[in-house]
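What the coordinates show
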Amino acid sequence: FLQSWQWGEFQRATGRSVIRLAGEAEGQPYGVQGFCHRFGFGWSYAYFPRVTLPASGYQEVLEYLRKTGFSFVRFEPTKYLDMVKLDNWSVAETLNRQPRQTLLLDLTPAEDEILQQMHGKTRYNIRLAERKGVEVREGKDIEVFWKLNEETTRRDKFRSHEKEYYRQMLAQPIVRQLTAYYHDAAVACSLYVNYRGTGVYLHGASSQKNYEVMASYLLQWRGLQLAKKYGCHTYDFWGVAPLVSEGEKGRCCFNNFCWEEKHPWSGVTRFKVGFGGKAVSYPGAFDVILNS
């Protein structure tokens, strides 16, 4: 979805310049979308998230961007690239901005089958929330999301986008919002993207109040059901801690997945792996320097 026209229009609405390029490489047409980031003194770089390009396509894109004055280009590819094919460029590895590891869940089985593939504790928490009277409603409401988001960022100490960013995001037709209510009070909220057969769990926020009713578990299940309802065949949990082998020191394991216990995403990883899925890893990001 990061390469979708709709996501580009959303980025444009937040003030970001959008770069859209099309060409032909190795006998196949290609199209890529990137975004311009400015960092003062007239300098800027181009960022291409989750991009799929043949090696000769990279060459064409880089030649074009060098002529337009960018200082460097950051790529996050979906497929591993032999860097030897870029040996005429100055290349530096860098950190991924998008999650490098994620879980993908197959939505094609019946709902009962999907439930049976989950860890028993996850199924129990879903049913517990239902018994406690948690209700999940679909509907876009920036005020509800923002209030829970502010509480979550304070509690978990992570950076958030501005409120207007989420307002513009919710204006996109590919973005949906689900909110969990307990006694008519919003206790958890999630934003999803449904695009080309994949439902993505993009942002989540919750309150510590009434945590014991396990609203986040029912909310995630409703998110899976929502993606399935709109014809998605895959559900992307959008980021987990790097998964490792079982039995190594400092590791914790749940539902046949293991990861570093002290990783910042350890808690959310335990939550997500309880729903099952297949681990997927993306290649590392890299910068190509155009102006040293």
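Figured I'd write up the structure that's included with this text.

With that settled, consider the state of the cysteines. Applying the stated criterion across every chain, the model contains one disulfide. Covalently, Cys253 is tied to Cys258 through a disulfide, its sulfur atoms 2.0 Å apart. Measuring the twist about the S-S bond at about 110°, one finds the Cys253-Cys258 disulfide to be right-handed. Its sulfur unpaired, Cys189 is 18 Å from the next cysteine sulfur, which belongs to Cys232. Look at Cys232 and you get buried, because its relative accessible area is 7%.

Let us look at the pairing of strand β9 (residues 185–195). Along any regular strand, the residues point their side chains to alternate faces of the sheet. By the criterion of burial, β9 is predominantly enclosed, with eight of the eleven residues buried. Where strand β8 (residues 175–182) meets β9, eight bridges bridge the pair, whose relative direction is antiparallel. From the neighbouring strand, Ala180 faces β9, where its bridge partner is Ala188. Joining the antiparallel neighbours β8 and β9 is a turn of two residues, in which His183 adopts a positive phi near 55°. Direction of pairing for β9 relative to strand β10 (residues 198–206): antiparallel, over a ladder of eight bridges.

Reading across from one edge, β1-β2-β3-β4-β15-β5 is the order of the six strands in this open sheet, with mixed pairing throughout. Pairing within the sheet leaves two strands with one partner each, and these edge strands are β1 (17–25) and β5 (90–94). The sheet shows a mean angle of 25° between the axes of neighbouring strands, direction not considered. Each of β1, β2 (28–38), β3 (44–51), β4 (72–77) and β15 (285–289) touches helix α2 (residues 55–67); the most contacted strand, β1, lies at about 135° to it.

Among the secondary structure elements, Glu76 is positioned in strand β4. Buried and unpaired, Glu76 has Arg50 as its nearest opposite-charge partner, separated by 5.0 Å. Sequence-distant contacts of Glu76, that is, excluding residues within four places in its chain, are made with Tyr47, Phe48, Pro49, Arg50, Val51, Leu95, Asn96, Arg97, Gln98 and Ala285.

The full count for this structure, using the stated rule, is 20 aromatic pairs. Ring geometry for Phe237 against Phe275: centres 6.0 Å apart, planes inclined by 40°, an arrangement best described as tilted. Here Phe275 lies in the loop between α8 (266–273) and β14 (278–281) and Phe237 lies in the loop between β11 (234–236) and β12 (251–254), a separation of 38 residues in the sequence. The same class applies to Phe237 and to Phe275, which are both buried. The side chain of Arg20 reaches across the aromatic face of Trp5, ending 3.4 Å from its centre. One cation-aromatic arrangement involves Arg50 over Tyr282; the distance from NZ or CZ to the ring centre is 3.7 Å.

Before going further, it helps to examine the environment of Arg127. Considering the arrangement of structural elements, one finds Arg127 in helix α4 (residues 120–131). A C-alpha to C-alpha distance of 7.7 Å links Arg127 and Leu218, two positions 91 residues apart in sequence.

By size, the foremost hydrophobic cluster in this structure holds 40 residues, and its most contacted members are Leu224 and Tyr235. If sequence neighbours within four positions are ignored, Tyr235 has contacts with Leu103, Leu104, Leu105, Leu107, Tyr192, Gly199, Tyr201, Gln220, Gly223, Leu224 and Ala227. Membership of the second largest hydrophobic core comes to 25 residues, among which are Trp7, Phe10, Phe145 and Trp146.

This next bit is on the sheet that holds β14. Taken in spatial order, the seven strands of this open sheet run β7-β8-β9-β10-β11-β6-β14, and their pairing is mixed. Of all the strands in the sheet, just β7 (135–138) and β14 have a single pairing partner and so form its edges. Between one strand axis and the next, the sheet turns by 30° as a mean value, whatever way the strands run.

The subject of this paragraph is α4. Taking 1.5 Å per residue, twelve residues should reach 16 Å; α4 reaches 16 Å between its end C-alpha atoms and fits that length. Along α4, the positions that sit buried rather than exposed are Thr122, Asn125, Ile126, Leu128 and Ala129. Within α4, the buried residues cover an arc of 160° as seen down the axis, which keeps them to one side. Close packing links the buried residues of α4 with α3 (111–116), α7 (215–229) and β12. Of the residues trailing α4, Gly133 is marked for its positive phi of about 90°.

How each quantity is defined
Residues numbered from 1 in each chain as written. Predicted model: local features only at pLDDT ≥ 70, side-chain atom pairs only at ≥ 80, totals over all residues. Heavy atoms only, no water. Disulfide = S-S within 2.5 Å. Buried < 20%, exposed > 50% of the residue type's maximum accessible area, 1.4 Å probe, protein only. Helix = DSSP H or I, 4+ residues; strand = E, 2+ residues; numbered from the N terminus. Pairing = 2+ DSSP bridges. Axes fitted to C-alpha atoms, helices over the stretch in contact; angles between N-to-C directions. Contact = heavy atoms within 4.5 Å. Lys, Arg positive; Asp, Glu negative; His and termini not counted. Salt bridge = Lys/Arg side-chain N within 4 Å of Asp/Glu carboxyl O. Phe/Tyr/Trp six-rings, centres within 6.5 Å; stacked < 30°, edge-to-face > 60°. Lys NZ or Arg CZ within 6 Å of the ring centre and 35° of its normal. Core = buried A, V, L, I, M, F, W, Y, C linked by side-chain atoms within 4.5 Å. Expected span 1.5 Å × (residues − 1). Arc of directions from axis to C-beta.

None of this, on its own, says anything about what the molecule does.
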